[in-house]
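One letter stands for each residue in the lines below.
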Amino acid sequence: MDIRPYQADDRELCLDIMRGNTPEFFAPEELAEFAEFLDDPGEYFVVEEDGRTLACGGWAIKPDGTASLCWGMVVHTHHRRGIGSYLFRERMRLIREDGTASAVKLVTSQHSRPFYERLGFTVTGIRPEGFAPGLDAVDMRWDRPVS
Ligand SMILES: CC(C)(COP(=O)(O)OP(=O)(O)OC[C@H]1O[C@@H](n2cnc3c(N)ncnc32)[C@H](O)[C@@H]1OP(=O)(O)O)[C@@H](O)C(=O)NCCC(=O)NCCS
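These figures come from a predicted structure and were not determined experimentally.

> Honestly, the layout of surface pockets in this entry has me stumped. Any pointers?
Any space left empty among the atoms is revealed by the rolling of a water-sized probe across them. Estimates place the volume of the largest pocket at around 1100 Å³. As for the largest pocket, its lining consists of 43 residues, of which G72, M73, T108, S112 and Y116 are closest to the centre. For the lining of the largest pocket, the secondary structure elements donating two or more residues are α2 (30-39), β3 (52-61), β4 (67-74), α3 (83-98), β5 (104-108) and α4 (113-119). Among the elements that take part in the lining of the largest pocket, β4 stands out by supplying 7 residues, more than any other. Classifying every residue of the lining of the largest pocket by side-chain character gives 21 nonpolar, 13 polar and 9 charged.

Here it is as structure tokens:
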């Protein structure tokens, strides 16, 4: 597996990854939000293996100095094969290389919360149905040192 920066011609594949994870992990109305995000994604990356795009995800430094992991997702048929863990490790490596983040946070649904807990995140808040009906917004923070 390799990770590389997102390019404009990755757009449709990334939108397809999201469609495949909808409505289980994303609300249908989030697709337009993700499409708009991809117009100017900042630090955003794709994971490939043998020329196939398997995952995408990024991060952004927020005004409070924390890094926020954003729009991380794996091709639905390829869940539970270690790809999400690889994407996470690589994003953490890039955040460390950047060197400006004081902490790492993310917002996910109740369905991906256990995945991030296993990686060392703790829940700092839950907004019931914060994303959409049936999809809670779970705020999480990485408890370990960033560097
Ligand atoms: C969350 C997500 C990125 C995890 O990716 P993945 O490639 O399936 O994860 P991995 O295979 O690296 O899993 C690592 C471990 O976590 C476990 N795990 C993965 N997803 C899990 C889940 N939803 N609940 C509980 N455990 C989970 C795996 O079983 C694995 O355990 P093991 O080490 O004992 O084998 C993936 O489910 C996904 O893309 N979800 C849709 C998008 C999403 O919700 N993104 C969240 C941020 S917006």
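Text resumes after the structure shown.
> Would you mind going over helix α1 (residues 11-20) with me for this structure?
Residues spaced three or four apart along an α-helix point in a common direction, a consequence of the helix completing one turn every 3.6 residues. Along α1, the residues that are buried comprise C14, L15, I17 and M18. With its buried residues spanning 150° around the axis, α1 presents them on a single face.

> What am I meant to see in unusual backbone geometry here?
With glycine set apart, most residues show a phi of negative sign, and most peptide bonds adopt trans. The amide bond that connects T22 to the next residue, P23, takes the cis arrangement and shows omega of 10°. Among the secondary structure elements, P23 is positioned in the loop between α1 and α2. The phi torsion at W71 lies on the positive side, around 45°, for a residue other than glycine. Mapped onto the elements, W71 comes out in strand β4.

> Mind showing me how you'd approach the site of the ligand here?
Close contacts around the ligand come from 20 residues, with R80, G84, S85, S112 and R118 the closest. Separating an oxygen atom of the ligand from a backbone N or O atom of R80 is a distance of 2.6 Å. S85 is positioned with one of its side-chain polar atoms (N or O) 2.5 Å from an oxygen atom of the ligand. Burial of the ligand by the protein amounts to 78% of the accessible area it has alone, namely 910 Å². For the ligand, the cavity whose grid points lie within 2 Å of the majority of its atoms is the largest pocket. Contributing elements (two or more residues each) for the shell around the ligand: β4, α3 and α4. Examining the composition of the shell around the ligand, we find that 4 residues originate from one element, α4, more than from any other. When grouped by side-chain class, the residues that make up the shell around the ligand number 8 nonpolar, 9 polar and 3 charged.

Cut-offs used in this document
Residues numbered from 1 in each chain as written. Predicted model: local features only at pLDDT ≥ 70, side-chain atom pairs only at ≥ 80, totals over all residues. Heavy atoms only, no water. 1 Å grid on protein atoms, 1.4 Å probe; cavity = no way out; pocket = protein on both sides within 12 Å on 5 of 7 lines; lining within 4 Å. Points joined across faces, edges and corners; volume = space filled by probe spheres on them. Helix = DSSP H or I, 4+ residues; strand = E, 2+ residues; numbered from the N terminus. Nonpolar A, V, L, I, M, F, W, Y, C, P; charged D, E, K, R; others polar. Buried < 20%, exposed > 50% of the residue type's maximum accessible area, 1.4 Å probe, protein only. Arc of directions from axis to C-beta. Near = heavy atom within 4 Å. Polar contact = N/O pair within 3.5 Å; in protein donor to acceptor, adjacent residues only side chain to side chain. Areas by Shrake-Rupley, 256 points an atom, 1.4 Å probe, with all protein chains shown as cover. Sits in = over half its atoms within 2 Å of the grid points.

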